[in-house]
Each structure stands twice: as C-alpha cells, then as structure tokens.
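# Structural features, examined
Each chain is listed here by its residues.
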Amino acid sequence: MTSLDTAPSRNTQTQVSVPLCVDLDGTLIRSDLLVESALALLAKHPLMAFAMPIWLLRGKAYLKQQIAQRVELNAAALPYNGDVVAWVREQQSSRTTVLCSAADTKLATLVADHVGGFDAVIASDGERNLSGLNKAKVLVARFGERRFDYIGNAKIDLHVWKSANAAIVVESGSRLSSAAANVTVLERTFTHGAVSVKHWLKALRVHQWIKNVLVFLPLLAAHRVLDPNALLSALLAFACFGLCASSVYVTNDLLDLAADRQHRRKKHRPFAAGVIPLYQGPIAALLLLVTSFSMAWFLTPTFVLMLLGYYVLTTGYSLKFKRMVMLDVIVLALLYTSRILAGAAAIQSRPSFWLLAFSMFIFLSLAMVKRYTELLAAQKSSSIKAAGRGYVVEDLSLIQSMGGASGYLSVLVLALYIDSTASQSLYRHPHYLWLLCPLLLYWISRTWVIAHRGIMHDDPVVFAVMDNVSRGLLLVAAIIVIASI
C-alpha cells in the first residue's frame, strides 16, 4: 500500500486541533463486519438464514444488532489495513481520534479496543444505521460543520466529506479521491491493489480441479478412451465438477474465515485476507453452482443426481462434518469416490466394485494424511488442537496408524483385483499388473514418511500432482497398464 500527500486542510485551525474520524469497514479493516458477523452466525447456526430477513424488516441497524448479539468475533484476527492503522496511531498522539462506523456498537468497540488509542466510538445502535447522511449528521452535531477530518473508503462517504474539514481516502483506483476532492480538501490517499483475475483464480481454487480427473477413471477402466461420445461426456462431467467444487470452496472459505485466519497458509486466501470483498463471495458461489447444474443437464439424469449428492455432502462437510472426529475423513473419502461414481454415470457405465473398494481405502488414507499434517502443524505451534477441527495433538499416533493401514488395504484390494476374473477379461497380460503393487506400496509409505517429517503439503492430492517422484511413479504405472492391455 502506498500513500500520497495532497493539499492542506481547508480549516483555518491547525491540523492538530481538528479531530480525526475513522471509518471501520473497508478502511481500518479490509472487510465488512456485517458480512463477517453474518457469515460467522450462519457457520454455527445455518437456520438463522431464515431469521435474518425478518430482522431486516425492522431496519438494517436492528439486523446488525441481532447478529452482533449472537456472535463472538476475534478482533485480532481481522484483516487490517496495516498502513492505515499505523497512520491512525501516529495521529492519536497529536489529536482526538474517533472510530465512526456503520457496524454495530458491540463489534466496533471490539475493534477499537484491539487497535487502541481511540477517544470514542460512534456506531450503529440497533435503531440508527450510522452510514452516509446519518453519519454526517452525527459528526456535524458533535464537532460542527467543517470541524473534523474523515477517513473513508466508499462512495457513500462523500456525504460525510461534504461536511468534513478534509478527506483522507482509502481506495484501489483514483475515482473516489477525485470525487472527494470536489467536495472538500483531499489531505491524503491510501491506495491498494484492485481485485485481479489471479485473486479470483486463487479463491476458486482452480488448481484443485486436478482432483476431478477422477471422473475419467471409469472411462479408462472401461477402455473407452477412444470413444468420442464417452470422452466428451467425461470432459463435460469434469467441467461440471470443477464449477461445483469452486462454488463449495468459496462457500467454505466464507464460513471458515475465523479458522483460516489462524492457519499459517490459509490466512493468505483472498477472502480471509480481505483481498476480495466478502459480499462478492455468495454471488460468485451461486453463479458457479447454477452454471454447473445447467451444464449437467446435457448428461444423464443419474449424473445430475450424483452431482447433487456431491454438493449436498460437501456442503455438509463445510458446515458440520469437518468438525466431527473420524466422520470428517470418511466424508472426504466419499467425496473423492463420488467423483468416480459420477464419471461412470456420465458415460453410462456400471462402476466397478474393485475400483470403488480401492478408492475408498486409498482416499481414506489421504484424508488421514491431511488431518495428520494439520495436527502436526498445530503441535509445532504449541496448540492443543487443529483450528476448526475436532482432533487434539494426542491423536497424532492414532491417525498415523489408521491412515497407514488404510493405504496398505488399498494395495491388498489391487492385488485381489489382479488375481480376479475381472482383470483377466480386460487385459491380455494381467500378470504385468502385479508390478503396480510395489509401486503403490512405495508411494503410500513415502507419503506417510514425508507427512511424519512435517514437510507434507496441506492437501496430499495437490502434493501428489506437484511431486516429481509421484509423477514419475504415475508414468511408470501408466506404461505397465498399457503393456498389460
């Protein structure tokens, strides 16, 4: 963030004697406390979504108050505008500073107490929504016309700047500062980067779409790769799952802000860091979901049902299951396996028993790796449990043993498949497939060793894609399978 000094204050008083009124949402913090608190409430009590419209009928201030009374936000974890906070603290040593926010009084006071140094807090009180004209009237009544400076970040703040001695603007471009300069003296501008395509790609976690290649497994297992209709259907299924998954990722990030901000890597996600405005999240999630199911109608009705089941299950995971010990990893394994079932439905193929059994065990092992990695990181940071999860660090050895056992069971399933009549009917040289077993044993063992050493990626599937050894093993496995056909 950079700053630009401009013209001096219009007031004939010295700047030091002019109180500084500080906006909160989008100015002091890179977020919106109404959206923050609403999402926090929905994360714990989803049915409150039906109460919120009723509260809104009594006014926006009442809505804010009712939500604020039911949530506890961690003020220290909010995404602050570092340069703005530093500048405000400098000003506090020489003049009166007031936090003046449209947020509810309870939440605004939490932030003021955390930042420290404010002489007063003026905020919405359940009856009056302190924004725009209402904020301007309150500040004029308290300090007088042109007797205060104001720092804000939105077009609605022009109502306040019209009565202010000077404007300090926080923005991503130059339009707002130009508009503010037309109504008062522009004292200073803080600029920050605008939301880019790169930010949205990160928020949608497009790199996670690699997990959806699982929809192609039934196509490969049925040896129908050269069937153009089946290949097109599988590609469309891949796109549907990608869009649906991104919708869920956005929803999950919005509902898991508090836990993400305590995580060493997740705190940098666009919504947690305040890079993308929170209100844009629900809009994006809905558009992605509608697009996904609209495309799914071009496939089979069974695929649509499978996609719906995936969405319901993964939403349940985001809202509840991920905090439930052991059920969370079972659900994660089911989510991976559901992609395989959906891929079979897309090409109208019957899913193989062997493939489903193998996938459940291997993906359960990977889900355990994910939890083990989170707990190990918590242990290293002297925490007793992983944020947002139901596990404690004492569970590390148990998760490790169960995860390793599940991985080795997947090798057993593979061995039994190779020796079955199912493989003999599909492959001319099924005995070549025995070479896959030591490869898989090595990969599973190596994955757990890496996790044990604390150098595993938060998502083991992403690790498998980015890891050179894993890619090399996959190439060797592909050669073995092709040679056995």
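Residues numbered from 1 in each chain as written. Predicted model: local features only at pLDDT ≥ 70, side-chain atom pairs only at ≥ 80, totals over all residues. Heavy atoms only, no water.

Along the backbone of the protein there are 21 helices and 7 strands. Expressed as lengths along the three principal axes of its C-alpha atoms, the size of the protein is roughly 95 × 50 × 40 Å. Expressed as a percentage of the 485 residues in the protein, the buried residues total 52%. Contacts spanning at least 24 positions in sequence make up 66% of the contacts within the protein whose residues lie at least 6 apart. About 22,300 Å² of surface is accessible on the protein, with carbon and sulfur atoms providing 64% of the total. Charged side chains in the protein number 45 positive and 30 negative. The centres of these two groups are separated by 5 Å. (Helix = DSSP H or I, 4+ residues; strand = E, 2+ residues; numbered from the N terminus. Buried < 20%, exposed > 50% of the residue type's maximum accessible area, 1.4 Å probe, protein only. Contact = heavy atoms within 4.5 Å. Areas by Shrake-Rupley, 256 points an atom, 1.4 Å probe, with all protein chains shown as cover. Lys, Arg positive; Asp, Glu negative; His and termini not counted. Charge placed at Lys NZ, Arg CZ, Asp CG, Glu CD.)

For the structure on display, the rule yields 12 aromatic pairs. Ring geometry for Y150 against W161: centres 6.0 Å apart, planes inclined by 65°, an arrangement best described as edge-to-face. Note that Y150 is positioned in strand β5 (residues 149-152) and W161 in helix α7 (residues 158-161), a separation of 11 residues in sequence. In this structure, Y150 and W161 share a single accessibility class: buried. Judged by centre distance (5.9 Å) and plane angle (65°), the ring pair of F241 and F303 falls under edge-to-face. Of the two residues, F241 is situated in helix α11 (residues 228-255) and F303 in helix α14 (residues 301-319); the sequence distance between them amounts to 62 residues. Like F303, F241 is buried. Through pairs of rings, three or more aromatic residues link up here, namely W209, F216 and F238. (Phe/Tyr/Trp six-rings, centres within 6.5 Å; stacked < 30°, edge-to-face > 60°.)

With 6 of its 6 residues buried, strand β6 (residues 166-171) lies for the most part within the structure. Neither face of β6 is exposed, since A166, I168 and V170 on one face and A167, V169 and E171 on the opposite face are all buried. Pairing between β5 and β6: 4 bridges, direction parallel. Pairing of Y150 across the sheet is with A167, part of β6. Following the backbone out of β6, through helix α8 (residues 175-181) and into the adjacent parallel strand β7 (residues 185-191), one traces a crossover that is right-handed. (Pairing = 2+ DSSP bridges. Right-handed = clockwise from strand over helix to strand, strands pointing away.)

For strand β3 (residues 97-104), the buried fraction is high: 8 of the 8 residues fall into the buried class. Bridging between strand β2 (residues 20-22) and β3 involves 3 bridges; their strand directions are parallel. By the bridge assignment for β3, L20 is matched with T97. Examined bridge by bridge, β3 and strand β4 (residues 120-124) share 4 bridges and lie parallel to one another.

If you trace the backbone, S233 turns up in helix α11. For S233, a relative accessible area of 17% puts it in the buried group. Dropping the residues within four chain positions of it, S233 is found in contact with L299, A346 and I347.

Residue pairs three or four apart in sequence face the same way in an α-helix, which turns once every 3.6 residues. Between its first and last C-alpha atoms α14 spans 27 Å; for 19 residues at 1.5 Å apiece the expected length is 27 Å, and the two agree. Listed as buried for α14 are F303, V304, L307, Y310, T314, T315, G316, Y317 and S318. Looking at the packing, one finds that the buried side of α14 touches α11, α13 (280-296), α15 (327-346) and α16 (353-380). (Expected span 1.5 Å × (residues − 1).)

A separate point is the nonpolar core. With 70 residues, the main nonpolar core has F303, L307 and F363 as its most contacted residues. Ranked by residue count, the leading element in this core is α16, at 12 residues. In this structure, L28, A75, L78 and V84 belong to the second largest nonpolar core, which totals 28 residues. (Core = buried A, V, L, I, M, F, W, Y, C linked by side-chain atoms within 4.5 Å.)

Let us look at the pattern of salt bridges. Inspection of the entire model under this criterion finds 14 salt bridges. Taking the shortest distance from any N to any O, the salt bridge between D227 and R224 comes out at 3.3 Å. For R224, a relative accessible area of 25% translates into the label partly exposed. Note that D256 is salt-bridged to K322, the shortest N-O span being 2.9 Å. (Salt bridge = Lys/Arg side-chain N within 4 Å of Asp/Glu carboxyl O.)

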